[in-house]
Amino acid sequence: MDNKLGLDNYYSNTIMPAYAHSYLLTAILSPDYVDSENNSPATKGPSDGDIGNYTKFKYGTKIEDYYWRVPLGSNEATFNEGLKSDLMDDKANYIYGEKELWYLDTIETKNYIAIFTLGDRKDGYGVIGKNGGRANTNPMKYLQKISLYVKRDYKKNPATAVAIKVVHFEYDYSLCPKVPNNINYGNPANNGKLTLKKIYFTYQDSNKAGLSPYKFFYAGYDKANNTYDARYNPPYNLKGYDRWGNYKPNTANSLSPTSTDIPTAEYPYVEQDQTTADIYTQAWSLTEIDLPSGGIINVDYESDDYAYVQNKRAGQMFKVIDVQTNTAPFKFNTITYNPPVVAPSVITPIELNDAATGKRLIIKLQDPITGTAPDKDDIFKNQYLGNIDNLYFRFLMDIKGGRCEYVSGYVSRSRIDFANCQVDVSGRYACITLLNTTTNDSGVDKINPITKAAIQFGRLNMSRVVWNSSELDDAIGDDGSFGEDLLKAIVKSNFFNNISDAIVGPNEALYSDKYKVGHNMITGKSWIRLNNPNMKKLGGGCRVRQIRISDEWKDMSNNTDKSFSYGQEYEYTLEDGITSSGVASYEPQLGGDENPGSNPCPLVRRNGWRPTMNITWKSLLASRFSFSQRGL
């Protein structure tokens, strides 16, 4: 494919050769089994005349050409944003595959045979081909029933044989609505994923047991109104998940830096509110089983949590909601935010630099800290800043002229003014004061460390923007081609014309009012990594909090007697009843900057007469972990 778009005309296509992704079990043989009837290809292996016992599995239903694709839509691809302010480096990708689907038809022993009856899934349709678009044929199958027969009767006459026992499965498509590969996509009902609702048994010619089925209900279901609470049964969303792969709303409709929407790609971290996390993690989960006896089993869930990632205290990203000049004492104007107990989502750029005193970053605390100063300040520093050698930040910075980009890096402990890290009077907000650093490799401390990182980012990734070379954008054709106009634009650029910029140093020049690079941050979309303060970081999935079994005798006796219930409760804390007993072996690579194992390894590159490049590399520890998990 000849790609003429973008700056680098990038195109990549990886084809994986065919391979067996699973192996099908065909037989289980007893120790005394002998293949005594091996006198033809038809009787080779387990057959009626063999000695000993066996269990034979036969696969007869096959879909030879099942095409799948992510995303499913016709001529659609998954968007991969490069720089937010540069439309020429955006990319997209899709994954397409072809496979065979095999389904179990029978399980056979010496005396019995079980027949598996299948049906077409409404949500199991593949795609037409490589370019996507939902197919209307060859859907996946679902299990309708399992019928058990005496093998001799069944083989004598399959049409009239009477099943000893039949297990029936009933479904609907109520969970996870609006699935694009459902044949009813776009219709108001039955457009979700296959959902098991009922299991019941019948015996020979008797259907009485069918009146007492097992019924299954899921999170958020209202029996009285036969409806679901949308919080527990959200619609399908390709990007609606957090860093652990659990549900998280993705309602962002805009990628604009000034939009209040924050896509999960920009903030994949787990919400650290217990109520919210409990709702998200148990989405689509089984919560109730009605038994044939009339009793009910209820299952309550909660979010997983952990206190450590290996031997390191779990880290947590906190939103920076405001910036103030470093003046004592610290006072946070909660009147600006109504109500003050809710952290604001401000998207207005805020000046980050102060030539004299440095800046305070304001965060909303996880839980209010009570008491009086300086005790509150000491509690804050111990809970949030203890053992942090390098303060990680991920700020949406206005690099220049409204071109905003995420800039990440570390502020060394020596650049944190711990004496001025304080809690406000309400105990709900705190500030972290950052000391200024040098603009270039040496000189006077007058620039915020985060602004310095933004300038470095601009130099390395957005040079034609920071040096006032806006003409370069117009000189590059729509197809990313270069020509005479580009050369003229380079000659006209400020950096080419102002040799003095090179004399004072690029960082100093770009920090000056002439260029004013990286001075402003977007408060509603900027975060810093601190310690999880309560030793209970939410994330990892859901777990069972309580199982209750009720005999429902009150309903069965017309309210003349009481119902009784019993069950088990599970606790996942240490002896103090607060600290989580969970330890994560590692955290997922998605949102890996929240991982306390991700720390800087500074590399100073000397370039002779040119300015020194200070390059920071994250810890390579992540390469040793191919997966992440949480345990107790």
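Structure: see above.
Now for a quick tour of the structure. Just so it is clear, the structure is predicted and the values come from calculations on it, not from any experiment. (Residues numbered from 1 in each chain as written. Predicted model: local features only at pLDDT ≥ 70, side-chain atom pairs only at ≥ 80, totals over all residues. Heavy atoms only, no water.)

Quick look at the layout of surface pockets
At step 1: Its volume calculated, the largest pocket comes out at about 1700 Å³.
At step 2: Together, 42 residues line the largest pocket, and Asn13, Thr14, Tyr94, Ile95 and Tyr96 are the ones closest to its centre.
At step 3: At the level of elements, strand 4 (91-93) and strand 5 (95-108) are the ones that each hand at least two residues to the lining of the largest pocket.
At step 4: No other element matches strand 5, which puts 8 residues into the lining of the largest pocket.
At step 5: Split into classes, the residues belonging to the lining of the largest pocket amount to 22 nonpolar, 10 polar and 10 charged. (1 Å grid on protein atoms, 1.4 Å probe; cavity = no way out; pocket = protein on both sides within 12 Å on 5 of 7 lines; lining within 4 Å. Points joined across faces, edges and corners; volume = space filled by probe spheres on them. Helix = DSSP H or I, 4+ residues; strand = E, 2+ residues; numbered from the N terminus. Nonpolar A, V, L, I, M, F, W, Y, C, P; charged D, E, K, R; others polar.)

Topic: unusual backbone geometry
Excluding glycine, residues mostly have negative phi values, and the peptide bonds linking residues are mostly trans.
At step 1: Here the residue pair Val70 and Pro71 is connected by a cis peptide bond, since its omega of -5° sits within 30 degrees of zero.
At step 2: Within the secondary structure, Pro71 is located in the loop between strand 2 (54-70) and strand 3 (78-80).
At step 3: In this model, Asn138 sits at a positive phi of 55°, which is unusual for a non-glycine residue.
At step 4: Looking at where Asn138 falls in the secondary structure, it is placed in the loop between strand 6 (112-120) and strand 7 (141-150).

Things to note about empty space enclosed by the protein
At step 1: Applying the stated criterion across every chain, the model contains 1 cavity of 30 Å³ or more.
At step 2: If you add up the space inside the largest cavity, you get close to 50 Å³.
At step 3: Taken together, Asp242, Tyr247, Lys248, Tyr269, Val270, Glu271, Ala277, Tyr280 and Thr281 make up the full set of residues lining the largest cavity.
At step 4: A breakdown of the residues in the lining of the largest cavity according to their chemical character gives 5 nonpolar, 1 polar and 3 charged.

Thoughts on the pattern of salt bridges
At step 1: On inspection of all chains with the given rule, the structure shows 25 salt bridges.
At step 2: Lys84 is the partner of Glu81 in a salt bridge, and the nearest nitrogen-oxygen pair spans 3.6 Å.
At step 3: Overall, Glu81 belongs to the partly exposed group, its relative accessible area being 31%.
At step 4: Of the residues examined, Lys84 reaches a relative accessible area of 13% and is grouped as buried.
At step 5: For Asp123, the salt bridge goes to Arg121, with nearest N and O atoms at 2.8 Å.
At step 6: On the basis of relative accessibility, which here comes to 5%, the residue Asp123 falls in the buried class. (Salt bridge = Lys/Arg side-chain N within 4 Å of Asp/Glu carboxyl O. Buried < 20%, exposed > 50% of the residue type's maximum accessible area, 1.4 Å probe, protein only.)

Focus on the packing of aromatic side chains
At step 1: Evaluation of the coordinates by the stated rule reveals 16 aromatic pairs.
At step 2: Here Phe217 and Tyr221 contribute two aromatic rings whose centre-to-centre distance is 5.3 Å and whose plane-to-plane angle is 25°, an arrangement assigned as stacked.
At step 3: Ring geometry for Tyr267 against Tyr269: centres 4.8 Å apart, planes inclined by 80°, an arrangement best described as edge-to-face.
At step 4: Owing to a relative accessible area of 1%, Tyr269 belongs among the buried residues under this scheme.
At step 5: Counting every residue linked through ring pairs, the aromatic cluster contains Tyr267, Tyr269, Tyr406 and Trp527.
At step 6: The ring of Tyr94 carries Arg69 above its face, with NZ or CZ at 4.2 Å from the centroid.
At step 7: The side chain of Lys91 reaches across the aromatic face of Tyr10, ending 5.3 Å from its centre. (Phe/Tyr/Trp six-rings, centres within 6.5 Å; stacked < 30°, edge-to-face > 60°. Lys NZ or Arg CZ within 6 Å of the ring centre and 35° of its normal.)

Considering the nonpolar core
The tendency in soluble globular proteins is for nonpolar side chains to be buried side by side.
At step 1: Residues Phe380, Ile432, Ile528 and Leu530 are the most contacted members of the largest nonpolar core, which totals 46 residues.
At step 2: Apart from residues no more than four positions distant in its own chain, Leu530 is found in contact with Ala314, Gly315, Gln316, Phe318, Ile363, Tyr384, Leu385, Ile388, Leu391 and Ile432.
At step 3: Counting 10 residues, the second largest nonpolar core, distinct from the first, contains Tyr269, Leu396, Cys404 and Trp527. (Core = buried A, V, L, I, M, F, W, Y, C linked by side-chain atoms within 4.5 Å. Contact = heavy atoms within 4.5 Å.)

Side note on the environment of Tyr94
At step 1: Along the polypeptide, Tyr94 turns up in the loop between strand 4 and strand 5.
At step 2: The partly exposed category is assigned to Tyr94, whose relative accessible area is 34%.
At step 3: Tyr94 sits 15 residues away from Phe79 along the chain, and the two C-alpha atoms are 9.1 Å apart.
At step 4: For Tyr94, the contacting residues outside a window of four places in its chain are Arg69, Val70, Pro71, Glu76 and Lys130.

What to know about the pairing of strand 13 (residues 286-290)
Each regular strand displays side chains that alternate between the two surfaces of the sheet.
At step 1: For strand 13, the tally of buried residues reaches 4 of 5 residues, placing the bulk of the element in the interior.
At step 2: Inspection of the sheet shows strand 10 (residues 214-218) paired to strand 13 by 4 bridges, in the antiparallel sense. Bridging from a neighbouring strand, Tyr218 pairs with Leu286 of strand 13.
At step 3: As defined by bridge partners, strand 13 adjoins strand 14 (residues 296-306) across 3 bridges and the pair is classed as antiparallel. Residue pairing for strand 14: Glu288 is matched across the bridge by Asn298.
At step 4: Here strand 13 folds back onto strand 14 in antiparallel fashion, the turn holding 5 residues, of which Gly294 has a positive phi close to 105°. (Pairing = 2+ DSSP bridges.)

Some details on the pairing of strand 28 (residues 565-569)
At step 1: The element strand 28 is largely exposed, with a buried count of 0 among its 5 residues.
At step 2: The sheet contact formed by strand 27 (residues 537-550) and strand 28 spans 5 bridges and is antiparallel. Looking at the pairing, Ile549 lines up with Tyr566 of strand 28.

Re helix 3 (residues 375-385)
At step 1: Residues of helix 3 that are buried include every one of Lys376, Asp377, Phe380, Tyr384 and Leu385, and no others. On an axial view of helix 3, the arc spanned by its buried residues comes to 110°, and they lie on one face.
At step 2: Lining the buried residues of helix 3 we find strand 17 (315-325), strand 19 (359-364), strand 22 (429-434) and strand 26 (527-531).
At step 3: Following helix 3 by one or two positions, Asn387 adopts a phi angle in the positive range, close to 65°. (Arc of directions from axis to C-beta.)

Here we look at helix 4 (residues 449-461)
At step 1: For helix 4, which comprises 13 residues, the first-to-last C-alpha distance of 18 Å matches the rise-based estimate of 18 Å (1.5 Å per residue) to within 8%.
At step 2: Turning to helix 4, its buried residues are Pro449, Ile450, Thr451, Lys452, Ala453, Ala454, Ile455, Gln456, Phe457, Gly458 and Arg459.
At step 3: Here helix 4 starts with a cap whose side-chain oxygen sits 2.8 Å from the backbone nitrogen of Ile450, and that cap is Asn448. (Expected span 1.5 Å × (residues − 1). Polar contact = N/O pair within 3.5 Å; in protein donor to acceptor, adjacent residues only side chain to side chain.)

What to know about the side chain of Arg243
At step 1: Residue position: Arg243 is located in the loop between strand 12 (227-228) and helix 2 (274-281).
At step 2: Overall, Arg243 belongs to the buried group, its relative accessible area being 4%.
At step 3: Here Leu590 takes part through its backbone oxygen, which lies 3.2 Å from a polar atom of the side chain of Arg243.
At step 4: In this structure, Arg243 is in contact with Pro268, Tyr269, Val270, Lys537, Glu587, Pro588, Leu590, Gly591, Gly592, Glu594 and Asn595, ignoring residues within four places of it in sequence.

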